[in-house]
Amino acid sequence: MSQPRITRRDVLPLAAAPAILRAQAPSDVLRVAHVGVGNRGSLLLRSMLKVPGIQVVAVCDILPERADQAAAAVAAAGGNARKWTDFRKMLDEQKDIDAVVLATPDWTHKDFDIAILEVGKHLYAEKPLSLTIDDCKMVAAAAKQAKGTFQVGFQLRHDPNRNASQKFIREGGIGKVLMCHGIRHGADLPRNIPWYFDRTKCGDIVVDQGIHILDQFTWAIGSHPLRVMGSGGTNLFIDDPPGRTVMDNYSLVLEYPGGVRVNFSHHYFDPPGFTGIQERVFGSNGSIEIQNAVWQPRDKKPAVKLDVPNADKDASVMSLAAFVDNVKNGKEPINNAESAMRSTLVPIMATRAIYERRIVTWEEVAG
Ligand SMILES: NC(=O)c1ccc[n+]([C@@H]2O[C@H](COP(=O)([O-])OP(=O)(O)OC[C@H]3O[C@@H](n4cnc5c(N)ncnc54)[C@H](O)[C@@H]3O)[C@@H](O)[C@H]2O)c1
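Residues numbered from 1 in each chain as written. Predicted model: local features only at pLDDT ≥ 70, side-chain atom pairs only at ≥ 80, totals over all residues.

## Concerning the pairing of strand 9 (residues 249–255)
Stage number 1. The alternating pattern of strand 9 places Tyr250, Leu252 and Leu254 on a buried face, while none of Asn249, Ser251, Val253 and Glu255, on the opposite face, is buried.
Stage number 2. Judged from the seven bridges that link them, strand 8 (residues 227–233) and strand 9 form a sheet pairing that is antiparallel. Pairing of methionine 229 across the sheet is with valine 253, part of strand 9.
Stage number 3. Two strands pair when backbone bridges link them, and strand 9 and strand 10 (residues 261–267) are joined in this way by seven bridges, in the antiparallel orientation. The partner of valine 253 across the bridge, within strand 10, is asparagine 263.
Stage number 4. Connecting strand 9 to the antiparallel partner strand 10 that follows it, the hairpin turn spans five residues, and glycine 258 within it adopts a positive phi of roughly 75 degrees. (Buried ≥ 20, exposed ≤ 12 C-beta atoms within 10 Å, placed from the backbone. Helix = DSSP H or I, 4+ residues; strand = E, 2+ residues; numbered from the N terminus. Pairing = 2+ DSSP bridges.)

## As for the nonpolar core
Stage number 1. Grouped together as the largest cluster of nonpolar side chains are 104 residues, with contacts concentrated most on Met48, Val56 and Val59.
Stage number 2. Those residues in contact with valine 56 that sit more than four places away from it in its chain are Val32, His34, Leu45, Met48, Leu49, Val74, Gly79 and Ala81. (Core = buried A, V, L, I, M, F, W, Y, C linked by C-beta atoms within 7 Å. Contact = placed C-beta atoms within 7 Å.)

## Side note on the sheet that holds strand 3 (residues 82–84)
Each strand in a sheet pairs with another by means of backbone hydrogen bonds, the pair being arranged parallel or else antiparallel.
Stage number 1. Here we have six strands laid out as an open sheet, ordered 3-2-1-4-5-6, and parallel in their pairing. Since the sheet does not close on itself, it has two edges, and those belong to strand 3 and strand 6 (150–152), each with one partner. Pairwise comparison of adjacent strand axes, ignoring direction, gives a mean angle of 20 degrees for this sheet.
Stage number 2. Contacts between helix 3 (residues 64–76) and the sheet are confined to strand 1 (30–35), strand 2 (54–60) and strand 3, with strand 2 contributing the most and set at about 165 degrees to the helix. (Axes fitted to C-alpha atoms, helices over the stretch in contact; angles between N-to-C directions.)

## Digging into the environment of aspartate 307
Stage number 1. Looking at the element boundaries, aspartate 307 is found in the loop between strand 14 (304–305) and helix 10 (315–329).
Stage number 2. Sequence separation of aspartate 307 and arginine 66 is 241 residues, and the distance between their C-alpha atoms is 40 Å.

## Brief notes about helix 10
Stage number 1. Taking 1.5 Å per residue, 15 residues should reach 21 Å; helix 10 reaches 21 Å between its end C-alpha atoms and fits that length.
Stage number 2. Across the 15 residues that make up helix 10, a large majority, twelve, are buried.
Stage number 3. Inspection of helix 10 places Ser316, Val317, Met318, Ser319, Leu320, Ala321, Ala322, Phe323, Val324, Asp325, Asn326 and Val327 among the buried residues, and these make up the whole buried set.
Stage number 4. Glycine 330, located one to two residues past helix 10, shows a positive phi value of around 60 degrees. (Expected span 1.5 Å × (residues − 1).)

## Observations concerning the site of the ligand
Stage number 1. Taken together, 24 residues lie around the ligand, and Gly36, Gly38, Asn39, Arg40 and Glu126 are the ones closest in.
Stage number 2. Of all the elements, helix 2 (residues 39–48) adds the most residues to the shell around the ligand, at three residues.
Stage number 3. When the residues that make up the shell around the ligand are grouped by side-chain class, the tally is nine nonpolar, eight polar and seven charged. (Near = placed C-beta within 6 Å. Nonpolar A, V, L, I, M, F, W, Y, C, P; charged D, E, K, R; others polar.)

## Some thoughts on unusual backbone geometry
Stage number 1. In this chain, lysine 127 is followed by proline 128 through a cis amide linkage whose omega measures -15 degrees.
Stage number 2. Residue placement: proline 128 occurs in the loop between strand 5 (122–125) and helix 6 (133–145).
Stage number 3. Here aspartate 240 and proline 241 are connected by a cis peptide whose omega angle stands at 0 degrees.
Stage number 4. By the element assignment, proline 241 lies in the loop between strand 8 and strand 9.
Stage number 5. Residue aspartate 204 is not a glycine yet carries a positive backbone phi of 75 degrees.

## Details of the environment of proline 160
Stage number 1. Looking at where proline 160 falls in the secondary structure, it is placed in helix 7 (residues 160–170).
Stage number 2. Taking C-alpha positions, proline 160 is 16 Å from glutamine 278, a pair spaced 118 residues apart along the chain.

## Some details on the sheet that holds strand 7 (residues 177–185)
Stage number 1. Read from one edge of the open sheet, nine strands run 14-13-12-11-7-10-9-8-15, paired in mixed fashion. The open sheet has two free edges, formed respectively by strand 14 and strand 15 (360–361), since each of these has just one partner strand.
Stage number 2. Pairing of strand 8 with strand 15, which is carried by two bridges, proceeds in the antiparallel orientation. Residue pairing in the sheet places arginine 227 in a bridge with threonine 361 of strand 15.
Stage number 3. Contacting strand 7, strand 11 (277–283), strand 12 (286–289) and strand 13 (294–297), helix 7 crosses the sheet at an angle of about 160 degrees to strand 12.
Stage number 4. With respect to the sheet, helix 11 (residues 337–356) is in contact with strand 8, strand 9 and strand 15, its orientation differing from that of strand 8 by roughly 60 degrees.

In structure tokens form, the structure reads like this:
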């Protein structure tokens, strides 16, 4: 599979973003259905309700009480959404749906994404693209055939700080990218979402959780990794909750073209406020903390906060606003199927490297 270089187009034109968030003509209204309104899906629904030029016309969850809550949120915002518990029935019977926002568990993505794309709806689907290499390829193929827009939920690409940082990197602000260093240290996964603890359902914590920071680094470097090595396991939350098959810690080294390396540590051992999240990109002219848009030149102090357009805007609202704008104006999302495929294959590669205790190459997953 050929992998395109990431280009300047990948950077959301933030200067244009306020226009996205401003008014649309009523005839322009995009009629949206939200499928899967649990933890993430209910946040996406609340975020979508802040985007002008949309109408949420349907909500769906196999748990009827969640569909009820989602419909109530739509009503509270002045709308009226039909409630469903079967999304295929919804697609068959409710003909006024233009676009679907899908936030069902990871193991459902392949089948649900394909089913929605095949009936011609625009689709904003949560990450990961899918859990296996073959399934990722199937979704990417369906997206290629689809007449609708397909955008994947890498919303941090639309986070104002990170987007401004990535633009700065792309324009050569930190010089040549040399290395990235990432930390995602926190408390353990939420106990009220059982499938998070089953690696067959979530692909383990690299694919389900580490994916966002790895996506940021792959985007900053502008290429996929050539090889990955890693080590991980379960040291603290052993069989906790009972039946747990996901790790609670791992460390990765990823080698990219030109000797650029990513060093990433992810674990759930952090006491409150101890380390948290770091996303640092080191360059020949200085280094940047992309999540804060703060850059430290190599030759002078102090550190500089970048000019961040839309600094007060939330990443998920920005991401959904970009989706609506992409649909209405026929634009290609920065997190399209191709980009989401690369960004999902990286954690799949890493997971394989950890499980099999060996170096895994890009050819193995992308070939
Ligand atoms: N982008 C992000 O930052 C982010 C954050 C959290 C979760 N996610 C992703 O969002 C998705 C959902 O995760 P979550 O944390 O909300 O999990 P969750 O279990 O809280 O929510 C999933 C919802 O989907 C519903 N569902 C399951 N099967 C369904 C079906 N056949 N039809 C309709 N509804 C169905 C469940 O009842 C539940 O309400 C996952 O893909 C996850 O990876 C993304």
